[in-house]
Amino acid sequence: MDLFRLKAHELQQKLFRREVSAVEITQSVLARADKVDSTIQSFITRTPEAALAQAKRVDEKLARGEAVSPLAGIPGALKDNMCTKGVKTTCASKILANFVPPYDATITEKLAAADAVIVGKANLDEFAMGSSTENSGFFVTRNPWDTDRVPGGSSGGSGAAVAAGEAIWSLGSDTGGSIRLPAAYCGVVGLKPTYGRVSRYGLVAYASSLDQIGPFARDVRDCALVLGAISGHDRRDSTSINAPVPDYTAKLESGVKGLKIGLPREYFVAGMQPEVEAAIRRSIDELVAMGAELVEVSMPHTQYALATYYLIATAEASSNLGRYDGVGFGHRGEGSDIVSMYKRSRAEGFGPEVQRRIMLGTYALSSGYYDAYYLKALKVRTLIKQDFDRAFGQVDVLIAPIAPTTAFKIGEKVEDPLAMYLVDVCTIPSNLAGVPALSLPCGFADGLPIGMQIIGPHLSEATLLQVAYTFEQAHDYHKQLAAIREVD
Ligand code: GLN
């Protein structure tokens, strides 16, 4: 049996019944990556020795009869913008190509405490800026369903690894859609938690008021397990929420009877691929047939979300990325004096998209433009938040597409940043509002997965998972693993 094909909760059962060992599970996942990663290129750094050593420790614990967590011995991957002590953390940027963090992110510590196995650090768009993983400073990750297409971004390596069997679960970060989009394009489950639910300590900052870490998984139950392992208050992240972490699997089987589902009409944008719209509408009909109640809602400020995001995110990025000066971290360019050294370091270290964002953000924050752009964007952000507050006064969850189309071709949008930005039109509003949103496979168009988005009010993750689980159980999308040619 190919263990790499199973879900975390299935592997956990086998492990607890002592039918397989954690080492066997890990070996299966590592062997799969040996075969397919030359094609898919999910990983920037692989850590097979550390993974096997960790798996061995789990087997020893189990042999001693010690209680272990649900993720114990289950191999997963981390996006390469999450700090791992002693293991390179590059953000897919040349400027951090050799950065080895002296400390662990909180999620890294939590996963270690849960005895999870980490098989590597996954590729991303440089500093998480992008929607296709083509902005990686190193190489492009390919979509396991069609290797001529992008896996989505920016957490493309994390999404592709789970879809291709190179990891059972993974973590990504989502600032404007970077977990949900690759989840949709790769046909797996992805969840952006409530802002503050998961600590950002040790996540390399892109736009701090929007960034949030969350899980990728093969099914909804696994997504709930991983979320439970990484959530919780952290005094090292001042924006972390001090609220108890529920058992996210507890409500999975509660159904959707009586639940009010809102359909925000503004999310069905012009230019949407007809099969994507049809799949979302069909999925909603199914949820209604299962007992949910449908309510049409309007969120009138949705049309301003993209512009608002690209002012706030770039402003925060320009400030966060100021620290990379060739002195404290990473790449240092040659220069005859300190200013030319700074200039060279940054010009050589940052790729074109990151440079574009730093310039846009610096402009939006500069005196004279601050009020017209940055301050205005903050005000519009409040209006967008109020749209959500109003909607959640009427409904329990909102359902919408993740993206207007299925995965696009590699190279199709690289020359046109605005076309790339438009991919996130349906995911960005929930980051601006800080609310949780989940991406769930809900169909295929021409062999490519389609993602449905389920959005809820703050800290409603358990409800999102409940709706997703109910839908998932009526389908077999989660039983399929992308067929990858095995390369010897
Ligand atoms: N594509 C969006 C951007 O480039 C979102 C990225 C993300 O969520 N990290 O900003």
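Criteria and cut-off values
- Residues numbered from 1 in each chain as written.
- Predicted model: local features only at pLDDT ≥ 70, side-chain atom pairs only at ≥ 80, totals over all residues.
- Heavy atoms only, no water.
- Core = buried A, V, L, I, M, F, W, Y, C linked by side-chain atoms within 4.5 Å.
- Buried < 20%, exposed > 50% of the residue type's maximum accessible area, 1.4 Å probe, protein only.
- Pairing = 2+ DSSP bridges.
- Helix = DSSP H or I, 4+ residues; strand = E, 2+ residues; numbered from the N terminus.
- Axes fitted to C-alpha atoms, helices over the stretch in contact; angles between N-to-C directions.
- pLDDT = per-residue confidence, 0-100.
- Parallel < 35°, antiparallel > 145°, perpendicular 65-115°, else oblique.
- Contact = heavy atoms within 4.5 Å.
- Nonpolar A, V, L, I, M, F, W, Y, C, P; charged D, E, K, R; others polar.
- Phe/Tyr/Trp six-rings, centres within 6.5 Å; stacked < 30°, edge-to-face > 60°.
- Lys NZ or Arg CZ within 6 Å of the ring centre and 35° of its normal.
- Near = heavy atom within 4 Å.
- Polar contact = N/O pair within 3.5 Å; in protein donor to acceptor, adjacent residues only side chain to side chain.
- Areas by Shrake-Rupley, 256 points an atom, 1.4 Å probe, with all protein chains shown as cover.
- 1 Å grid on protein atoms, 1.4 Å probe; cavity = no way out; pocket = protein on both sides within 12 Å on 5 of 7 lines; lining within 4 Å.
- Sits in = over half its atoms within 2 Å of the grid points.
- Points joined across faces, edges and corners; volume = space filled by probe spheres on them.
- Salt bridge = Lys/Arg side-chain N within 4 Å of Asp/Glu carboxyl O.

It is worth spelling out the nonpolar core at this point. Ranked by size, the top nonpolar core spans 127 residues in total, and within it Phe-127, Leu-171, Phe-388 and Ile-454 carry the most contacts. Counting residues in each nonpolar core, the second largest holds 11 residues, with Ala-164, Ala-183, Cys-186 and Phe-216 among its members.

Quick look at the sheet that holds strand S10 (residues 437-445) now. Spatially, 11 strands are ordered S1-S3-S2-S4-S6-S5-S10-S11-S9-S7-S8 in an open sheet, and the strand pairing comes out mixed. Lying at the two open borders of the sheet, with one neighbouring strand each, are strand S1 (43-46) and strand S8 (293-297). Shown here is a sheet whose adjacent strand axes are inclined to one another by a mean of 30°, direction ignored. In this structure, strand S7 (residues 260-264) lies alongside S8, joined through five bridges in parallel fashion. Of the residues in S8, the one forming a bridge with Pro-264 is Val-297.

Our next topic: the confidence of the model for the protein. Taken residue by residue, the protein gives an average pLDDT of 96. The fraction at 70 or more is 99%. Here helix H13 (residues 417-422) stands out as the least confident element of the protein, with mean pLDDT 93; strand S2 (residues 75-79) is the most confident, with 99.

Next up on the list: the packing of helix H9 (residues 305-320) against helix H11 (residues 352-365). Following both chains from N to C, one finds H9 and H11 inclined at 100°, their axes separated by 7 Å at the closest point. The angle between H9 and H11 places the two elements in the roughly perpendicular class. Contact residues: Tyr-310, Leu-311, Thr-314, Ala-315 and Ser-318 in H9; Arg-357, Ile-358, Leu-360, Gly-361, Thr-362, Ala-364 and Leu-365 in H11. Grouping the amino acids of the contact of H9 with H11 by side-chain chemistry returns seven nonpolar, four polar and one charged.

Counting across every chain of the model gives 14 aromatic pairs. Taking 5.3 Å as the distance between ring centres and 55° as the angle between the ring planes, the aromatic pair formed by Tyr-370 and Tyr-374 counts as tilted. Of the two residues, Tyr-370 and Tyr-374 both sit in helix H12 (residues 370-394), four residues apart, roughly one turn of that helix. Here Arg-281 stacks its cationic end above the ring of Phe-268, 4.3 Å away from the centre of that ring. The ring centre of Phe-408 lies 4.9 Å from the NZ or CZ of Lys-413, which sits over that ring.

Here we come to the environment of Leu-30. As for its placement among the helices and strands, Leu-30 is situated in helix H2 (residues 22-40). When the C-alpha positions of Leu-30 and Ala-72 are compared, they lie 17 Å apart, and in sequence the two are 42 residues distant. The residues touching Leu-30, leaving out its near neighbours within four places in the chain, are Arg-46, Pro-48, Leu-52 and Val-119.

Near the ligand lie 15 residues; those nearest to it are Gly-176, Ser-178, Tyr-206, Tyr-309 and Asp-424. The backbone of Gly-130 places a nitrogen or oxygen atom 2.8 Å from an oxygen atom of the ligand. Here Asp-424 contributes a side-chain N or O atom positioned 2.5 Å from a nitrogen atom of the ligand. For the ligand, the protein covers 100% of the area, taking 300 Å² as the surface of the free molecule. The cavity where the ligand resides is the largest cavity. Of the residues in the shell around the ligand, the class split is five nonpolar, seven polar and three charged.

Below, the discussion takes up unusual backbone geometry. Excluding glycine, most residues fall at negative phi; most peptide bonds, likewise, are trans. Note the cis peptide between Gly-153 and Ser-154, where omega equals 5°. Here Ser-154 lies in the loop between strand S3 (117-122) and helix H5 (156-164). At Gln-41, a residue that is not glycine, the phi angle is positive and equals roughly 60°. The topology assignment puts Gln-41 in the loop between H2 and S1. With a phi angle near 55°, Cys-91 is a residue other than glycine that sits in the positive phi range.

Summary: where empty space remains is shown by rolling a probe the size of a single water molecule over the atoms. All chains considered together, the criterion is met by three cavities of 30 Å³ or more. In this structure, the largest cavity spans a volume of roughly 70 Å³. Taken together, 14 residues form the lining of the largest cavity, with Gly-130, Ser-178, Tyr-309, Tyr-310 and Asp-424 sitting closest to its centre. Here the lining of the largest cavity is composed, by residue class, of six nonpolar, six polar and two charged. As a volume, the second largest cavity reaches approximately 50 Å³.

Within the structure shown, the criterion is met by 20 salt bridges. For the salt bridge of Arg-17 with Glu-19, the shortest nitrogen-to-oxygen distance reads 2.4 Å. Arg-149 serves as the salt-bridge partner of Asp-146, at 3.0 Å between the closest nitrogen and oxygen.

It is worth spelling out the environment of Met-272 at this point. Of note, Met-272 is situated in the loop between S7 and helix H8 (274-289). Overall, the relative accessible area of 10% leaves Met-272 in the buried class. Dropping the residues within four chain positions of it, Met-272 is found in contact with Tyr-267, Glu-277, Pro-401 and Pro-404.

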